[in-house]
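# Survey of secondary and tertiary structure
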Amino acid sequence: MQRFIFLACTFFTTALTAQQYPFVHYTPKDGLVNSRVRKAYQDSKGRMYFLTSGGLSVYDGTRFRNYTIQNGLANDLVNDIIEVGKDSLLVATNTFELNALVKGKMMIVKTEGTPCPQINQFYRTVDGKLYLSSDDGLFVMENKRVRKLDVSFLSVGAGLPYLGNIIVDGNYLVISKNELNDHRGLYLYDIKNDIICDALPAPVIFLLGKDKTNNTWLSMGDKLFILDSIALAKGKLLLIPPVRGYSQAKDYSATNIAFDKNCIWFVYRNQDYRNMEIRRIEENGRLLRMPLPQQATSSDIKNILVDRENTIWLCNDGEGVFKIVNSPLQIFENPFGQSTQGTITNAFYANHATWFSTNTNKLLRKSARGLQEFICNIKASPVLYDDGKKILTCDITNIYEADISNNKTIIFRKIIALAPPDFFPGVVRVDRNGFILASQLTGLAVWKNKKLILQLPTARNDKIEELAFDKNNFLWVVKRHNGIDVFTLHPEDPYKYLQLVYHFTPAQLTGSPRCFAIDKSGSIWVGTRDQGLIGYKQEGIQLKKIYHFTVSNGLTDNFVTSIACDSFNNIIVGTQTGLDRILFNHDSTWRAENLSKSSNFFTLIKQTWAEEEQTYALSFSGILLQVSAATTEIMNIAPQLLLEEMRVHGKTIPSEKNNFEYRENNINFLVAAPTFIDEKQVEYSYFLDGSGNNQWSDTSATNAVINLINLAPGKYLLKVKSFFPSTSYVPAELSYSFEIMPPWWQTWWYRSIVGLLIIGLLIIGSRFYYRRKLEKQMAVLEKQQAIEKERTRIATDMHDDLGAGLSRIKFLSETIGIKKQQQQPIEEDIYKIREYSHEMIDKMGEIVWALNEKNDTLSDLISYSRSYAIEYLSQHGIQCKVDMPETFPSVFVSGEFRRNVYLALKEALHNVVKHAQAVQVFISIRVNHQIAIIIQDDGIGFEGSNVKPFRNGLTNMKSRMNDIGGSLELANENGTIVKLLAPLP
């Protein structure tokens, strides 16, 4: 909220009064923590700190950040603050704890040595010592160690000294008491000897302060003094009145003083305390008075501060903070006081004098001689000519002439009658040849010696908006709809006085012209009704547009009502809502200065004009605006662009953090560039390098809060610029680099591990694939080998068993044939053939049984073997008993396994029948992880030594069992025991 109050001040030496000063008012509605403001403080980066009865407010020009007990402040009543390091300040509250504000975070400081007192004021010396005044006495603090100094002299009885203001001067401290002790007493403390060395106990001291020349000031309520520096160096307190231009302030009732480079500022009260005002006294004695607004005087002004931009801050105990804007625009609502009894309607400047017309029968003339007031015989109209002897004026029907004399009366006489006017008055000018030119409803008319000599008609619906002369004495006629005509002047032939040389068509112009000016470089400026201000450069018969100003790049409004060029070739622009100034630098760069916005004073501008040193404007309501010359001085301390706060998902985080987890990808940056000349006009633009967007954002004040949403993992560089359109500050820049870390599944180490795992799996998979492929090939090969082996075995069996039997049958058959020829008996041979045939049939059955896949189970093997054993032994008269389990596991056994076990069993039974002479055979079959067939007979036993050479029975049995991974065991025990052991698959 900004509120501006009307004040009074001296202007034009003694005549112009009622200057309107812009006061900006800050209250809790604007973000201030409390309206009872006790003190203002500015840190090295330009931030403002407001110490209130309800907390601490930090203002950076963009936002208020407030601290109370809920934010870590020890107490809501804040007494003092001091900067002790980069973004580090000590805060004293009305309690026995000390706070520190470090990078925006409030914390409690744990002191050492003497317990921390209730601090009223800090004062730091050049050697870094920090002195603390308190109700309990005087203390010094170095680092975090607090030490109490001896001021027992100030204690009366058991009472406390109640120390308040403190100033360091050389080896001495100048101390006063605070309001709890009625401000009574001034004391001098010797730092080296740790003792009060002088005292003035009687005076009531309201304030202490030190100016830029190291003088110590103090107020006794109704008088101002300074301390004698010579006496002070000797350890004595001696009060002397102010010197030089400050001597006029010796009897001031001042409650607060602020010190600037060559002046001092007072909050001044008159003797009855009814009126309060701000006074500035310069060292040369010049006085400026600014009455305070009623709202500011309703409560006490507790503190006045001049910041580094020379802006004045007033801290009010109840109404918040008031700021006196340091604006080049001075506003005079009633510049000539009540003596004119009217309102200014027009102004005309010529020959180092300015004529002011009023809506009464009065004219005012301001010159080096001062302000002159004249009574006229007609209602004053715009003055349009002044040659030092006579003046011309006009109304909508006539042109008048009058002689200037030293008396206070001007008598006008009519010299020219104008054509009937339309609704708007025409434009009247007098050229350097003395010809009078006037725009009328019918066109342009020219008079010489009061005689009409020329008329140039205009289009029926057109209107001449402006008549202007350039440095070549060419006449520019600016029309509303039909472009601009340029004429040369020919006084040698009055009836052909105007000769057209250029016609710039409406197609060469932008918008509808409303006003016109030519600057000192020859550039043409046209103010329009809806397209803002346009600057042109003439190139022969063409106008080339070189500048275009609208509300988008600096103007207050696009309807331009008046233009003027000041002595520095800057353009003053009046619009329907306010006043602007276009400032040009030597390198042709420019900036738009919003004079109305910076002062928060908006009005319809009727007229602008430039004098030698100042530029002025006049509103339609008669308010006079004075524009100070644009300063080319570079400010010593330009605003810094600060990163004030950083938030992730709305939560404040430390500003030094620059690594974020992938979930922390919604980041808000709060930036500010503390300047208080016109902080609302500061604009920001940002660019995020690494985002893929290579464009800077639009320049806007809203970019003080930068919202970056859904940032992808990666490295970023945030670049921010701040622009100051209302001042000459160069743009400030800030850069901040940070990184959004990828999620763990996107990190390089995870990807490396996954890559290695994939490579390992590929290797393992490849090895498995090729191993399986090899195994399949081996299986096929083994199968082929098994088939070949089985074929070989079958062939061998058929050759050994069937082949031998067939050979015998063949031999016997041939023998029968021979015996039959020889008539010999053949019955025996026929019998043998029959036996061999039965034997061959049995062997063929065995071979087929071994080959049949349906018999590839352990149960089939045992059943077939049992059946054969019983049948074979019974054929030879041997009793056979078999002991085996009732059930068998479903185990697959190959044909080779079955055949080898079966044949080994068969060979063992054959040996029993042939050699054992047994009567009975007991066969036991056991199955677990292997099959065990035990054959025991009751025969004569077995002796290995009795085995005849070239017998293959036992050898074949062992070979068969070994082929299937088994074994053969023989033993003698009341006969022969044969054990056939073979592991099951």
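Everything that follows concerns the structure shown earlier in this document.
Residues numbered from 1 in each chain as written. Predicted model: local features only at pLDDT ≥ 70, side-chain atom pairs only at ≥ 80, totals over all residues. Heavy atoms only, no water.

## With respect to the packing of helix H6 (residues 858-875) against helix H7 (residues 895-916)
This is how it is decided: In this analysis, axes come from line fits to C-alpha atoms, helices being fitted only over the stretch in contact, and the angle between any two N-to-C directions falls in the range 0 to 180 degrees. Helix and strand definitions here come from DSSP, where helices need a minimum of 4 consecutive H or I residues and strands a minimum of 2 consecutive E residues; each element is numbered from the N-terminal end. Oblique is the label for any angle not covered by the other classes, which are roughly parallel (under 35 degrees), roughly antiparallel (over 145) and roughly perpendicular (65 to 115). Two helices that cross are described as forming a left-handed crossing if the nearer one is turned anticlockwise from the farther one by less than a right angle, and a right-handed crossing if clockwise. The contact definition used throughout considers only heavy atoms, calling two residues in contact when any of these lie within 4.5 Å. Three classes are used: nonpolar for Ala, Val, Leu, Ile, Met, Phe, Trp, Tyr, Cys and Pro, charged for Asp, Glu, Lys and Arg, and polar for all others, with Gly counted as polar.
Between H6 and H7, the shortest axis-to-axis distance is 10 Å and the interhelical angle comes to 20°. Between H6 and H7, the crossing angle belongs to the class labelled roughly parallel. You can see that H6 and H7 cross each other, and the crossing is right-handed. Residue-level contacts link Leu861, Tyr864, Ser865, Tyr868, Ala869, Tyr872 and Leu873 of H6 to Phe897, Arg898, Val901, Tyr902, Leu905, Lys906, Leu909, His910 and Val913 of H7. Split into classes, the residues belonging to the contact of H6 with H7 amount to twelve nonpolar, two polar and two charged.

## So, H6
Using the following cut-off: Helix span, as expected, comes to 1.5 Å for every residue beyond the first. Think of it in three bands: with a 1.4 Å probe and only protein chains considered, a residue is buried below 20% of the maximum accessible area for its type, exposed above 50%, and partly exposed in between. Throughout, the arc means that of the directions going from the helix axis to the C-beta atoms.
Given a rise of 1.5 Å per residue, 18 residues ought to cover 26 Å, and the 26 Å separating the end C-alpha atoms of H6 matches this to within 8%. If you check which residues of H6 are buried, you get Leu858, Leu861, Ile862, Ser865, Tyr868, Ala869, Tyr872 and Leu873. Projected onto a plane normal to the axis of H6, the buried residues spread over an arc of 135° and lie on a single side. Once H6 finishes, Gly877 follows within two positions and takes phi at roughly 75°, a positive value.

## Looking at empty space enclosed by the protein
Here is the rule: Lining residues are defined by having an atom within 4 Å of a point belonging to a cavity or pocket. Those points lie on a 1 Å grid over the protein atoms alone, cavities being sets where a 1.4 Å probe fits but cannot get out and pockets being open sets with protein on both sides within 12 Å along at least five of seven lines. Grid points are joined across faces, edges and corners, and a volume is the space filled by probe spheres set on the points.
Counting across every chain of the model gives seven cavities of 30 Å³ or more. Here the second largest cavity is characterised by a volume of approximately 60 Å³. Surrounding the second largest cavity, Asp211, Lys212, Thr213, Arg244, Tyr246, Asp260, Lys261, Asn262, Cys263, Ile264 and Glu283 form its lining. Of the residues in the lining of the second largest cavity, the class split is three nonpolar, two polar and six charged.

## Quick look at the sheet that holds strand S49 (residues 513-518)
Applicable threshold: Two strands form a pair only when DSSP identifies at least two bridges running between them.
Strands sit in the order S49-S50-S51-S52 across an open sheet of four strands; the sheet is antiparallel. Taken across any chain shown, the strands that pair with only one partner, and hence form the sheet edges, are S49 and strand S52 (542-549). Each neighbouring strand pair of the sheet contributes to a mean axis angle of 25°, computed without reference to strand direction.

## Re helix H8 (residues 953-963)
An α-helix turns once every 3.6 residues. As a result, residues three or four positions apart point the same way. Listed in full, the buried residues belonging to H8 are Gly953, Met957 and Met961. Angularly, the buried residues of H8 cover 65° about the axis, an arc narrow enough to put them on a single face. Buried residues belonging to H8 abut H7, strand S71 (967-972) and strand S72 (976-983). Immediately downstream of H8, the backbone of Gly965 shows phi near 80°, a positive value.

## Structural notes on a nonpolar patch on the surface
Condition: A patch is a set of surface residues, each over 30% in relative accessible area and not in a salt bridge, joined within 9 Å for like charges and within 5 Å for the nonpolar side chains Val, Leu, Ile, Met, Phe, Trp and Tyr. Residue exposure ignores everything except the shown protein chains as possible cover, and the areas themselves are Shrake-Rupley values with a 1.4 Å probe. Salt bridge, as applied in this entry: a Lys or Arg side-chain nitrogen positioned within 4 Å of an Asp or Glu carboxyl oxygen.
Residues Trp744, Trp745, Trp748, Trp749, Ile753 and Leu757 make up a contiguous nonpolar surface patch of about 740 Å² in total accessible area. Mapped onto the fold, Trp745 is located in the loop between strand S67 (732-740) and helix H4 (748-821).

## Section: the pairing of strand S70 (residues 930-937)
As judged from the seven bridges shared by strand S69 (residues 920-927) and S70, these two strands associate in the antiparallel manner. Bridge pairing links Val927 to Ile931 in S70. Summarising the sheet, S70 and S72 pair through seven bridges and their orientation is antiparallel. Paired with Gln936 across the bridge in S72 is Ile977.

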